[in-house]
Amino acid sequence: SRSYLKSDLFQYFLAIFVIALTIFICLPLASSESYHIVSLILLFIVALLAVFMGIGPVLLASTLSAIGWNYFFIPPYHTFHIDRTEDRLMFGSFFIIALLNGILTNRIRRQEQKVREREDQTNALFHLTGELSKASGKEKVLEVAGKVFIDHFGTAPLFLLQDGSNKIVLPSEDDEEGIKAGFDPDIALWVFLNGEKAGRFTGLHEESDLTYFPLTGTRLNPGVIVFRLERQVYGRKDDFWRTYFTQVSNALEREFLGELALKARILDESDKLYKTLFNLISHEFRIPIATIMGASDTLLAPYTSEVNRMELYNEILKASARLNHLIENLLNMSRLESGKLSLRTDWCDINDLINRVSHNLKQELEPFKLIIVVPDDFPFVRLDFGLMERVLYNLILNSCRYSPPSSEIKIEADYGNGNVILKISDQGPGFPADSLQKLFDKFFRVDELKSGGLGLGLSIVRGIVESHKGTVIAENGEPGGAVFTITIPSEVPDMDEIKLEQ
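Since we're looking at a predicted model, the values are computed, not measured.

Enquirer: In this structure, what is going on with the overall build of the protein? I would like to understand it.
Expert: For the protein, the count of helices and strands is 14 helices and 11 strands. Buried residues in the protein amount to 39% of all 502 residues. Restricting the contact set of the protein to residue pairs at least 6 apart, pairs at least 24 apart contribute 66%.

Enquirer: Would you take a moment to explain the side chain of S399 for this structure?
Expert: Its place among the elements puts S399 in helix α13 (residues 385-402). If we skip the residues at most four places from it in the chain, S399 touches I409, I424 and D426.

Enquirer: How should I be thinking about the packing of aromatic side chains in this particular structure?
Expert: Both the distance between ring centres and the angle between the ring planes are used here to describe each pair of aromatic rings. Taken as a whole and judged by the stated rule, the model has 6 aromatic pairs. Aromatic pair Y71 and F72: ring centres 4.9 Å apart, planes at 80 degrees, arrangement edge-to-face. With a relative accessible area of 27%, Y71 lands in the partly exposed category. When its relative accessible area of 28% is taken as the criterion, F72 is described as partly exposed.

Enquirer: Help me out: how do you make sense of the sheet that holds strand β6 (residues 369-373) in this one?
Expert: What the 5 strands build is an open sheet, ordered β6-β8-β9-β11-β10; its pairing is mixed. Of all strands in the sheet, those bounded by a partner on one side alone are β6 and β10 (471-476). Ignoring strand direction, the axes of neighbouring strands in this sheet form an average angle of 10 degrees. With 6 bridges joining them, β10 and strand β11 (residues 482-489) adopt antiparallel strand pairing. The partner of N476 across the bridge, within β11, is A482. Here helix α11 (residues 350-360) sits on the sheet in contact with β6, β8 (408-416) and β9 (419-426), set at roughly 170 degrees to β6. Along the sheet, α13 contacts β8, β9 and β11; its crossing angle with β9, the most-contacted strand, is approximately 20 degrees.

Enquirer: Sorry if this is basic, but what is going on with the packing of helix α3 (residues 35-52) against helix α4 (residues 55-73) here?
Expert: To characterise two packed helices, one gives the angle between the axes of the helices and the distance between these axes. Between α3 and α4, the shortest axis-to-axis distance is 10 Å and the interhelical angle comes to 165 degrees. Considering the angle they form, α3 stands roughly antiparallel to α4. Judged by the twist between their axes, the crossing of α3 over α4 is right-handed. Each of Y35, V38, S39, L42, V46, L49 and A50 in α3 lies in contact with α4, whose residues at this interface are V58, A61, S62, S65, W69 and F73. Grouping the amino acids of the contact of α3 with α4 by side-chain chemistry returns 10 nonpolar, 3 polar and no charged.

Enquirer: How should I be thinking about the packing of helix α2 (residues 9-26) against α3 in this particular structure?
Expert: The interhelical angle for the contact between α2 and α3, taken along N-to-C directions, is 160 degrees, at an axis separation of 11 Å. The angle between α2 and α3 falls in the class roughly antiparallel. For α2 against α3, the interelement crossing comes out right-handed. Along its contact with α2, which presents Q11, A15, V18, I19, T22, I23 and C26, the element α3 presents V38, I41, L42, I45, V46, L49 and F52.

Enquirer: Whenever I open this one, the confidence of the model for the protein confuses me. Can you help?
Expert: Detailed reading of the predicted coordinates is not advisable wherever pLDDT is low. When the pLDDT values of the protein are averaged, the result is 78; 82% of them are 70 or greater. When the criterion is pLDDT under 50, residues 1-6 qualifies, and its contacts beyond four places in sequence or with other chains add up to 7 contacts.

Enquirer: Help me understand helix α14 (residues 457-467) in this model?
Expert: Counting along an α-helix, one turn takes 3.6 residues, and residues three or four places apart therefore face a common direction. For α14, a buried count of 8 out of 11 residues is recorded, marking the element as mostly surrounded by other parts of the structure. Within α14, burial applies to G457, L458, S459, I460, V461, G463, I464 and V465. One or two residues past the end of α14 sits K469, with phi positive at roughly 65 degrees.

Enquirer: Any chance you could explain a nonpolar patch on the surface here in plain terms?
Expert: A grouping of F10, L14, F17, L21, F24, I25 and L27 is seen on the molecular surface, where their side chains present a nonpolar patch of about 730 Å² in accessible area. Mapped onto the elements of the fold, I25 is located in helix α2.

Enquirer: Explain the pattern of salt bridges here, please?
Expert: Pairing of side chains with opposite charge becomes possible as their charged atoms draw close. Per the counting criterion, the structure on display carries 3 salt bridges. The partner of E143 in a salt bridge is K140, and the shortest N-O contact between them spans 3.8 Å. In this pair, E143 and K140 both sit in helix α6 (residues 138-153), 3 residues apart, roughly one turn of the helix. With a closest N to O distance of 3.1 Å, E255 and R254 form a salt bridge.

Enquirer: How do you make sense of the nonpolar core when you look at a structure like this?
Expert: The nonpolar side chains of a soluble globular protein tend to be buried with one another. Membership of the largest hydrophobic core comes to 41 residues, with the highest contact counts inside it found for I350 and I396. For this core, the secondary-structure elements that each account for two or more residues are α11, β7 (381-383), α13, β8, β9, α14, β10 and β11. Here this core takes 9 residues from α13, the largest share from any one element. In contact with I396, other than residues within four places in its own chain, are V357, L361, L365, I411 and I424. With 25 residues, the next largest nonpolar core counts L132, A145, L229 and Y244 among its residues.

Procedures and definitions
Residues numbered from 1 in each chain as written. Predicted model: local features only at pLDDT ≥ 70, side-chain atom pairs only at ≥ 80, totals over all residues. Heavy atoms only, no water. Helix = DSSP H or I, 4+ residues; strand = E, 2+ residues; numbered from the N terminus. Buried < 20%, exposed > 50% of the residue type's maximum accessible area, 1.4 Å probe, protein only. Contact = heavy atoms within 4.5 Å. Phe/Tyr/Trp six-rings, centres within 6.5 Å; stacked < 30°, edge-to-face > 60°. Pairing = 2+ DSSP bridges. Axes fitted to C-alpha atoms, helices over the stretch in contact; angles between N-to-C directions. Parallel < 35°, antiparallel > 145°, perpendicular 65-115°, else oblique. Left-handed = near helix turned anticlockwise from the far one by under 90°. Nonpolar A, V, L, I, M, F, W, Y, C, P; charged D, E, K, R; others polar. pLDDT = per-residue confidence, 0-100. Patch = residues over 30% accessible without salt bridge, like charges linked within 9 Å, V, L, I, M, F, W, Y side chains within 5 Å. Areas by Shrake-Rupley, 256 points an atom, 1.4 Å probe, with all protein chains shown as cover. Salt bridge = Lys/Arg side-chain N within 4 Å of Asp/Glu carboxyl O. Core = buried A, V, L, I, M, F, W, Y, C linked by side-chain atoms within 4.5 Å.

Pasting the structure below:
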């Protein structure tokens, strides 16, 4: 075929020059005794040219070498007539051998090139498969696929992926910069919807400068790849081409399916969490509301004694406080998650903070022995008084719920190395070893301890302390009980300039 014989014009001129030079060098051997040696030299030169040149220049070199050998070296010289029969047979054999030698050597060279190319492509596909198997996320898959495409096709592709709902996302002006000229979004959309290639060299929309290939999977189509290539590159690596698209499509489909599975799992977990949270909140709110309604109904009865009335008033107060605590925790958690919890720090007396909390929890602390240890020289510290009150309230209330009556609940305060250190400890059962890492998670409650609550108190404690750029640690005490240690950085004020805001 024409493409088979087509070679660079330079190779044809080079073949003519090399054969002419060889004949010129061998002219001193033009004698009846040595002209057979020239044929061997010319055969070697033709074989050597076949290693480096295309089939067209090799055939030309074979023909010229036979003609030159006849004209300059076979008697009678400088004519194309051959007198002796054996010389005619030798010339014919030389011409056939020269042609076969050139053709076969060239064919072996081309077969070697194909084997080498195929080996390179196999290694590249093996490398691509390995890299894609390790790639996590669509961005990493596209990075690996783009690098291999550039290495083997010499141009950067544009990947157009779907948005997860089977709608392709067309590129913005910045995204298509590499192949901006000639990009047609209508062709890209058609290729994605129909799963067929289009554009240059495809038979559809041949007028386009770009080629559009669909990335098709077994369960969904990840998207479209767009590129600009020459026909020579496009056809020579057709097998590698198809395998490359298959590998990339499978990797992207894996990522899409993984994301869909993750979304489905998250939705399922969210639904379960919603139901659990709804039931939990309903239960926790129902208890104090039922207490208030029952006590109020009894108070309305005319036969209720004054003593019972006081007890019922007290029950209503306790239930209201519990209900208020639940609402406060829900609101604080909402503020923490939305990022709307802002600190209003001011100089505080740690004694005032502890006394305020212990007073608000007077009824809860009544069955226990409260021990407060604060050094006499404890300095003023800069905190958000209201938020830290909520922190201590949750921790002390936690100790009241889990500690046995008549046991000790201890609050210690210390200051050192620019940090306020608050420690709350009790003599309760402590925590199971496997729950210490989860104590501050939302809605987490230790299964063995049935004390009620939403499981938000400790999560709020951590959020408020961290908003102060501090830390809180939970651990089991010696010989038992729970210990919470809060560390918050705070400077020491200049007592001559301090101003307390009322």
